[in-house]
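# Structure assessment
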Amino acid sequence: MARIASSPEVEAFFGACLPVLQAGMGGVAQPELAAAVCEAGAFGMIGLYRHTLDEIGALLARTAQLTRARFGVNLVPFVLDADALLERLAFLADRPERPVVTFFGLPDAPVLRALPAGMEYGVQGG
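All figures in this text were calculated on a predicted structure; none of them were measured in a lab. Throughout, a residue's number is its position along its own chain's written sequence, starting from 1. Reporting of local features is limited, given that this is a predicted model, to residues whose pLDDT is at least 70; pairs of side-chain atoms are given and counted only at 80 or more, and all residues count toward the totals for whole chains, interfaces and linings. Only hydrogens and water are removed before side-chain values are computed, so all heavy atoms of the structure are retained for them.

### Considering the overall build of the protein chain
The following threshold applies: Numbered from the N terminus, helices here are DSSP runs of H or I no shorter than four residues, and strands are runs of E no shorter than two. As a reference, a globule follows 2.2 Å times the number of residues to the power 0.38, and the radius of gyration itself is taken over C-alpha atoms. Buried, partly exposed and exposed residues are distinguished by accessible area as a fraction of the type maximum, computed with a 1.4 Å probe on protein chains only: under 20%, between the cut-offs, and over 50%, respectively. Residue contacts are counted whenever heavy atoms from the two residues lie within 4.5 Å of one another. For accessible areas, the Shrake-Rupley method is used with a probe of radius 1.4 Å. Any residue's cover is judged against the shown protein chains and nothing else. Residues scored as charged are limited to Lys and Arg (positive) and Asp and Glu (negative), so that His and the chain ends carry no count. Here the site of a charge means NZ on Lys, CZ on Arg, CG on Asp, or CD on Glu.
Counting its secondary structure elements, the protein chain contains 5 helices and 4 strands. For 126 residues, the compact-globule formula gives about 14 Å, and the C-alpha radius of gyration of the protein chain, at 14 Å, lands near that figure. Each principal axis of the C-alpha atoms in the protein chain carries an extent, and together these give about 50 × 25 × 25 Å. Burial statistics for the protein chain: of 126 residues in total, 42% are counted as buried. Contacts in the protein chain between residues at least 24 apart in sequence constitute 55% of all its contacts with a sequence separation of at least 6. Total accessible area on the protein chain stands at roughly 6800 Å², and carbon and sulfur atoms take up 58% of it. Computing the positive centroid from 9 side-chain charges and the negative centroid from 13, the protein chain places the two 3 Å apart.

### A closer look at the sheet that holds strand S2 (residues 72–75)
Inclusion rule: Two strands pair if DSSP finds at least two bridges between them. In this analysis an axis means a line fitted to C-alpha atoms, helices contributing only their contacting stretch, and an angle means the value between N-to-C directions, from 0 to 180 degrees.
Strands sit in the order S1-S2-S3-S4 across an open sheet of 4 strands; the sheet is parallel. In the strand order of this sheet, the two ends are held by strand S1 (45–48) and strand S4 (121–124), each with one partner. On average, each strand axis in the sheet is tilted by 25 degrees relative to the strand beside it, whichever way the strands run. Pairing between S1 and S2: 4 bridges, direction parallel. Across the sheet, the residue bridging to Met45 is Gly72, located in S2.

### Brief notes about the side chain of Thr67
Put simply, the rule is: Side-chain atoms alone can form a polar contact between residues adjacent in sequence; in general such a contact is a pair of N or O atoms within 3.5 Å, and within protein one must be able to donate a hydrogen while the other accepts it.
Mapped onto the secondary structure, Thr67 falls in the loop between helix H3 (53–66) and S2. Looking at Thr67, its side chain comes within polar contact range of the side chain of Glu39, at 2.5 Å. Polar contacts involving the side chain of Thr67 include one to the main-chain amide nitrogen of Ala69, which spans 3.0 Å. In contact with Thr67, other than residues within four places in its own chain, are Ala35, Cys38 and Glu39.

### Observations concerning the pattern of salt bridges
Pairs may arise between side chains of opposite charge once their charged atoms sit close together. Short version of the rule: We define a salt bridge as a side-chain nitrogen of Lys or Arg found within 4 Å of a carboxyl oxygen belonging to Asp or Glu.
Applying the stated criterion across every chain yields a total of 4 salt bridges. With its nearest N and O atoms 3.4 Å apart, the salt bridge here joins Glu87 to Arg88. Judged by its relative accessible area of 9%, Arg88 falls in the buried class. Arg95 is the partner of Glu97 in a salt bridge, and the nearest nitrogen-oxygen pair spans 3.1 Å. Of the two residues, Glu97 and Arg95, neither departs from the other in class, the shared state being buried.

Structure (structure tokens):
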């Protein structure tokens, strides 16, 4: 069987030895799936559709209990207004887990300009 090789850059940024990123698919991308993906050597994501800050905190904590690997979260700009996105980004920036943030769709320019310093983020396409 062929071996899938990663690169030093992928391993350094994502902490994943496999160049595979799980999509942050709303209802199914929960802590158990994200942690299992991380434990398999890839990069797991939690889908944060319309979760409250309390729910987000619980999801992050649960994922961190299940894996020591780095993981990400996915926000969906077309279901949250700019203020809600900014509130969640500020909350995520202050978390000890420091997840990589992806957006399913490109957020509006004011959100991109207001990303917290040092936050690592990207846009997921589908």
